[in-house]
Amino acid sequence: MSSSSGSLTEELQCSICLDVFTDPVSTPCGHNFCKTCLNEHWDNSQTCSCPYCKETFKQRPDLKINTTLREIVGHYKMKSPEKKHEVLCDICEERKLKALKSCLVCQSSYCETHLEPHLRVTGLKKHKLMDPVSNLEDYICQKHEKPLDLFCRDDQTCVCLICSVKDHENHNTVPIEEESEEKKTELMKTHEDMQQMIQDRIKKIQDIKQSAEVRKRNTEKEKAAHVELFTDLIRSIERCQTELLEMMEEQQKAAEKQEEELIEELEQEITELKLRNTELEQLSHTENHLHFLQIHSSLCSSRNTRNWSEISMKTHESLETLRRALTQLKDTIDEKLTQTELKWMQQYAVDVTLDPDTAHPDLILSDDGKQVRHGDIDQKLPDKPERFDKCVCVLGKEGFNSGKFYFEVQVKGKTKWDLGVARESINRKGKITARPSNGYWIVRLRNGNEYMALSSPSVSLSLRVKPQWVGVFVDYEEGLVSFYDVESSSHIYSFTAQSFTEKLYPYFSPCKNDGGKNSSPLIITPVNYNK
């Protein structure tokens, strides 16, 4: 080895074990050691100090592998592999040559020249030869000094011929070559299994990384959507606040103007009343009776004056106007909150397609799987296990067992419908009682204007307007199923605190067409933020 490589060896050598680093770590003082060597040194020492420079640390450092140094060590080991120990001929006297074979019977190693008798002499041909080894004693039975050429499967150990007859009598012994080949076959199978396990774990790592990347993108997308939605909400609230303050300012100015006018009018009436009072006082002292009667009539006649009790009524009207404005502001904010909530949910929109294998035979599905209506005709479809046979309903093809999802359905023109989600294991045969305990989370319409949530017990719903599009939102982990009127951005109903343990499928029932009164289809529509 050159002086440069020898110097490099010293640089890559642990001062504790005096060998090339294994998992090198660095101390705060800058010296490097094998991680195991340093930990053992500190475990056996009362103080935590550097074994090289003796610097003491108040707290035991958290050791991190020096990856750069580890890579250098790896490259060094690849370029400077350990030399295999060379086995020399036991017969050569002066300059010993490299051994070609070792004989287990003679317990000696031979070079090509001295091996020749074993290849020629009949008696020596029967000896057991093997690749040269320096530890021939490990291949010889120490008890009988015979080659270990058999393997006892009962005791799982190598034995010689004498051992197999005496100590291992009636045991299952086979030639060591046979056992070795079987073990190699098992090893290859284990190797293949290990390789498959490695590949499976590599794929799992890739899946986890991919999932993490998708989650990160979704989180960033959701954060951006939240910022946008709440920014819009804040702007709307600020606009409403500004309008309210402007209205209050206008009312304040109008009230102040009214007060000034009232005060001016009152002061004018006071002046007139004082003047009349003075005239009346003077008139009371006159002795001209004719003049008294003439003036008295005009002074005492009724004047047109304001009914001041009306003033409090106008003040009450102003307060009522303000109260109505505040109520309107609250309604606007509530509406904006619902709009914001709905927009947030719409970002989880999924592409839902109807599953014809689940559809009741009376239902007619569109070719694109986006519409369903009742046809009043039994189509004689195969009675598959997943098909509903009594309830006129159908499920979506795609099921969901995690995360959030949202879809919208047009219910325009219908007098009856059922919408929601259902779990995968629901009963699809015979009469169905739709409620959460049976795996259904449903809102329904009956008789054109009777809305109901099928909880336990059912809840009648009072809606301000008749929904034309219904949005369905599910948060699997939160156990939430919510329904919204998309056009008015108003909340219809929510099933909360539910426990989902299996896949959930979108659920649709257009109900019977009722002689044509309910013939309109349910239509799965793309999410439109402008509805």
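Residues numbered from 1 in each chain as written. Predicted model: local features only at pLDDT ≥ 70, side-chain atom pairs only at ≥ 80, totals over all residues. Heavy atoms only, no water.

As annotated in an unreviewed UniProt entry, the protein is E3 ubiquitin-protein ligase TRIM39-like isoform X2 from Cyprinus carpio.

A. Just the packing of aromatic side chains, in detail. Counted according to the given criterion, the structure contains 13 aromatic pairs. Seen in terms of ring centroids, phenylalanine 400 and phenylalanine 405 are 4.2 Å apart; in terms of plane orientation they differ by 15°. Their pairing is stacked. (Phe/Tyr/Trp six-rings, centres within 6.5 Å; stacked < 30°, edge-to-face > 60°.)

B. Up close: the pattern of salt bridges. Within this structure, the stated rule accounts for 20 salt bridges. The residue aspartate 43 makes a salt bridge to arginine 60 at a minimum N-O spacing of 3.0 Å. Residue aspartate 43 is found in helix α2 (residues 35–43), and its partner arginine 60 is found in the loop between α2 and α3 (67–79); the two are separated by 17 residues along the sequence. In this structure aspartate 43 comes out as exposed when scored by relative accessible area, which is 53%. Its salt-bridge partner being aspartate 193, residue lysine 189 comes within 2.9 Å of it at the nearest N-O pair. One end of the pair, lysine 189, and the other, aspartate 193, are both in helix α7 (residues 176–283), 4 residues apart, so they sit about a helical turn from each other. By relative accessible area, lysine 189 is classed as partly exposed at 46%. A single salt-bridge network, built from bridges that share partners, covers Arg153, Glu178, Glu179, Glu182 and Lys183. (Salt bridge = Lys/Arg side-chain N within 4 Å of Asp/Glu carboxyl O. Helix = DSSP H or I, 4+ residues; strand = E, 2+ residues; numbered from the N terminus. Buried < 20%, exposed > 50% of the residue type's maximum accessible area, 1.4 Å probe, protein only.)

C. Here's a closer look at the sheet that holds strand β10 (residues 371–374). Spatially, β9-β10-β21-β12-β17-β18-β19 is the arrangement adopted by the 7 strands of the open sheet, whose pairing is antiparallel. Edge strands, defined here as strands with exactly one partner in the open sheet, are β9 (363–365) and β19 (490–495). Pairs of neighbouring strands in the sheet enclose a mean axial angle of 20°, with direction left out of account. In the sheet, β9 pairs with β10 via 3 bridges, with the strands oriented antiparallel. Each residue of the ladder has a partner; that of leucine 365, found in β10, is valine 372. (Pairing = 2+ DSSP bridges. Axes fitted to C-alpha atoms, helices over the stretch in contact; angles between N-to-C directions.)

D. Quick peek at the nonpolar core. Residues Trp417, Val481 and Phe508 are the most contacted members of the largest nonpolar core, which totals 35 residues. Aside from chain neighbours lying at most four places away, what touches tryptophan 417 is Val411, Val443, Arg444, Leu445, Arg446, Tyr451, Val470, Ser509, Cys511 and Leu522. Core analysis: the next-biggest nonpolar cluster, separate from the first, contains 17 residues, Cys14, Cys34, Val73 and Tyr76 among them. (Core = buried A, V, L, I, M, F, W, Y, C linked by side-chain atoms within 4.5 Å. Contact = heavy atoms within 4.5 Å.)

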